[in-house]
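Secondary and tertiary structure notes
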Amino acid sequence: SDGQKDVIWKIDAKGETTVFASGLNTPSQIAFLPDGKLVVADTGSSTIRSVDVSGAVTIIAGIEKDVGDNDGAALESRFRAPIGVATDADGRIFVADTYNDRIRVIENGTVRTLSGSTRGFADGAAAQFDTPSGLAVWKGLVLVADTGNGRIRSVEMDGSVWTLTGGGNEYSSNSTLSAASLYRPVAIA
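Residues numbered from 1 in each chain as written. Predicted model: local features only at pLDDT ≥ 70, side-chain atom pairs only at ≥ 80, totals over all residues. Heavy atoms only, no water.

Considering the overall build of the protein
- Counting its regular elements, the protein contains 0 helices and 15 strands.
- Scaling as 2.2 N^0.38, a compact globule of 189 residues should have a C-alpha radius of gyration of about 16 Å, and the protein matches this with 16 Å.
- Each principal axis of the C-alpha distribution contributes one length, and for the protein these read about 45 × 40 × 30 Å.
- By the burial criterion, 47% of the 189 residues in the protein qualify as buried. (Helix = DSSP H or I, 4+ residues; strand = E, 2+ residues; numbered from the N terminus. Rg over C-alpha atoms; globule rule 2.2 N^0.38 Å. Buried < 20%, exposed > 50% of the residue type's maximum accessible area, 1.4 Å probe, protein only.)

Dropping the structure here:
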């Protein structure tokens, strides 16, 4: 994903690169759906896009350059510069809606907010994030690089949130998860 050149590069087994998809606007995190389609958080256009095996790009959620935070039908929903995407085995697409401070999910042609509301920090059912960036799905959880809060957060499928690590004040490389201090994490795998 090349946010400066607005393309997705393909690297073959020999290490040679070719442009796989173009016409994007600051693409960020990418993930693959179970059917092999590539999903892209197209940050600059505030949309989520898919790329098929031929490199054809399609908007699957959001309206190009029309920002907002409304849920609903995927092509009528709005995002605000999403940076992170992750997928699960069921084909759900999780989105770090970065500047809306929310984690959202695209499923069955609709977008809904899974967790988050306004910028801040809170765990539990009324969770808050501060500039969530990277996402990963792991053992039924959505892991979030909560950049502004300096934490890695775990989102349950019911939307409740707990902090996995960060927010502490220990700077040693051997600290416990709860004591660890992270400085603006942006990615997770």
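What follows continues from the structure just given.
A few points about the environment of R49
- In this fold, R49 is placed in strand β5 (residues 47–51).
- When the C-alpha positions of R49 and I60 are compared, they lie 5.2 Å apart, and in sequence the two are 11 residues distant.
- Only 2.9 Å separates the side chain of R49 from the side chain of D42, close enough to count as a polar contact.
- Separated by 3.4 Å, the side chains of R49 and S45 make a polar contact. (Polar contact = N/O pair within 3.5 Å; in protein donor to acceptor, adjacent residues only side chain to side chain.)

What about the packing of aromatic side chains?
- In this structure the tally under the stated criterion is 0 aromatic pairs.
- Lying over the aromatic face of F79, R104 brings its terminal NZ or CZ to 4.6 Å of the ring centre.
- A cation over a ring is seen here: R153 above F129, with NZ or CZ 4.8 Å from the ring centre. (Phe/Tyr/Trp six-rings, centres within 6.5 Å; stacked < 30°, edge-to-face > 60°. Lys NZ or Arg CZ within 6 Å of the ring centre and 35° of its normal.)

What to know about the sheet that holds strand β12 (residues 132–138)
- Read from one edge of the open sheet, 4 strands run β12-β13-β14-β15, paired in antiparallel fashion. Each end of this open sheet is capped by a strand with a single partner; those strands are β12 and β15 (161–166). Here the average twist between neighbouring strands, direction ignored, is 25 degrees.
- With 5 bridges joining them, strand β13 (residues 141–146) and strand β14 (residues 151–155) adopt antiparallel strand pairing. By the bridge assignment, A145 is partnered in β14 with I152. (Pairing = 2+ DSSP bridges. Axes fitted to C-alpha atoms, helices over the stretch in contact; angles between N-to-C directions.)

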